[in-house]
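Here are the chains, one letter per residue:
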Amino acid sequence: MATDRDERVPTSSIVMKAIDAKTFTELQSFVKDLESRPTERLLRDLPDLIALSEAKAEIISYVIATKFRHAEAGERMTIRESVAATSERLPHGEERSRVLDIVERLRGLSS
């Protein structure tokens, strides 16, 4: 019997690209797409992206932190609140822990 998570099909092109990125060249392309993606869409896709692997979660964390550093004060607050809200929605486990790592990274940048 399939679980809800198994039945969900990622519709986001960035999530599909992340799933398919296996080679160095594909990962480079994935990072460029992450960097050029509007912050709002990146944050919306965060739960699906963070679920993929620890290595890809680190890449996503780096890109979000970079966007945070370059954002105006209002957008910084939006990013911080969105990532925190995502962590609160996720069940306890590895994925939530990865999102909490991003929250902590953003706190470090706020200081």
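Scroll up a little and you will see the structure.
A. View of the pattern of salt bridges. For the structure on display, the rule yields five salt bridges. Residues Arg-98 and Glu-54 are paired through a salt bridge, measuring 3.2 Å at the closest nitrogen-oxygen approach. Of this pair, Arg-98 sits in helix H7 (residues 94-110) while Glu-54 sits in helix H5 (residues 54-70), and the two are 44 residues apart along the sequence. Looking at Glu-54, the relative accessible area reads 37%, which means it is partly exposed. Across the pair Arg-98 and Glu-94 runs a salt bridge whose closest N-O atoms are separated by 2.4 Å. Taken as a pair, Arg-98 and Glu-94 lie in helix H7 at a separation of four residues, close to a single helical turn. Overall, Glu-94 belongs to the exposed group, its relative accessible area being 52%.

B. Up close: the side chain of Arg-96. Topologically, Arg-96 is positioned in helix H7. Despite being buried, Arg-96 has no salt bridge partner; Glu-88 is the closest side chain of opposite charge, sitting 6.6 Å away. For Arg-96, the residues in contact, after removing those within four places along its chain, are Ser-87, Glu-88, Leu-90 and Pro-91.

C. Spatial organisation of the nonpolar core. The biggest cluster of nonpolar side chains holds 24 residues, and the ones touching the most others in it are Phe-30, Leu-34, Leu-46, Leu-49, Ile-64, Ile-79 and Val-83. If you list the elements that add at least two residues to this core, you get helix H2 (13-20), helix H3 (24-36), helix H4 (39-50), H5, helix H6 (73-89) and H7. With sequence-adjacent residues up to four places away left out, Val-83 is seen in contact with Leu-43, Leu-46, Ile-64, Val-99, Ile-102, Val-103 and Leu-106.

D. Up close: empty space enclosed by the protein. A full pass over the atoms with the stated rule returns one cavity of 30 Å³ or more. Forming the boundary of the largest cavity are Ile-50, Glu-54, Ala-57, Glu-58, Ser-61, Arg-98, Asp-101 and Ile-102. When residues of the lining of the largest cavity are traced back to their parent elements, those giving at least two are H5 and H7. The element that contributes the greatest number of residues to the lining of the largest cavity is H5, accounting for four residues. Looking at side-chain class alone, the lining of the largest cavity contains three nonpolar, one polar and four charged residues.

E. A look at the packing of aromatic side chains. This model, assessed by the stated rule, comprises zero aromatic pairs. Above the ring of Phe-68, the side-chain terminus of Arg-76 is found at 4.8 Å from the ring centroid.

F. Fine view of the packing of H2 against H4. H4 packs onto H2 with a crossing angle of 25° between their chain directions and a minimal axis gap of 9 Å. Classified by the angle their axes make, H2 and H4 are roughly parallel. The two elements H2 and H4 cross, and the hand of that crossing is right-handed. Contacts from Ile-14, Val-15 and Ala-18 of H2 reach H4 at Asp-45, Asp-48 and Leu-49. For the contact of H2 with H4, the residue count by class is four nonpolar, no polar and two charged.

How each quantity is defined
One numbering rule holds for all chains: residues counted from 1, following each sequence as written. Under the rules for a predicted model, residues below a pLDDT of 70 receive no local features and side-chain atom pairs below 80 are neither given nor counted, while totals for whole chains, interfaces and linings still include all residues. Side-chain metrics in this entry use all non-hydrogen atoms of the structure; hydrogen atoms and water are not considered. Salt bridge, as applied in this entry: a Lys or Arg side-chain nitrogen positioned within 4 Å of an Asp or Glu carboxyl oxygen. Labels follow the DSSP assignment, with helices taken as runs of H or I lasting at least four residues and strands as runs of E lasting at least two, numbered in each case from the N terminus. The cut-offs for exposure are 20% and 50% of the maximum accessible area for each residue type, with area from a 1.4 Å probe on protein chains only; residues under the lower value are buried, those over the upper are exposed, and the others partly exposed. Charge convention: Lys and Arg are scored as positive, Asp and Glu as negative, and His as well as the terminal groups of each chain are ignored. Contact criterion: two residues are considered in contact whenever any of their non-hydrogen atoms come within 4.5 Å of each other. Residues belong to one nonpolar core when they are buried, are Ala, Val, Leu, Ile, Met, Phe, Trp, Tyr or Cys, and are joined through side-chain atoms within 4.5 Å. Think of a 1 Å grid over the protein atoms and nothing else: a 1.4 Å probe that fits but is trapped marks a cavity, an open set flanked by protein within 12 Å on at least five of seven lines marks a pocket, and residues with an atom within 4 Å of a point count as lining. Grid points are joined across faces, edges and corners, and a volume is the space filled by probe spheres set on the points. Three classes are used: nonpolar for Ala, Val, Leu, Ile, Met, Phe, Trp, Tyr, Cys and Pro, charged for Asp, Glu, Lys and Arg, and polar for all others, with Gly counted as polar. Only centres within 6.5 Å qualify two rings of Phe, Tyr or Trp (six-membered ring in Trp) as a pair; their planes then separate them into stacked at under 30 degrees, edge-to-face at over 60, and tilted for everything else. The criterion for a charge sitting over a ring is simple: Lys NZ or Arg CZ within 6 Å of the ring centre, and within 35 degrees of the ring normal. For helices, the axis comes from a line fit to the C-alpha atoms of the stretch in contact; other axes are also lines fit to C-alpha atoms, and the angle between any two N-to-C directions lies between 0 and 180 degrees. Here is the rule for angles: anything less than 35 degrees is roughly parallel, anything more than 145 is roughly antiparallel, 65 through 115 is roughly perpendicular, and the remaining ranges are oblique. A crossing counts as left-handed when the near helix is turned anticlockwise from the far one by less than a right angle, and as right-handed when that turn is clockwise.

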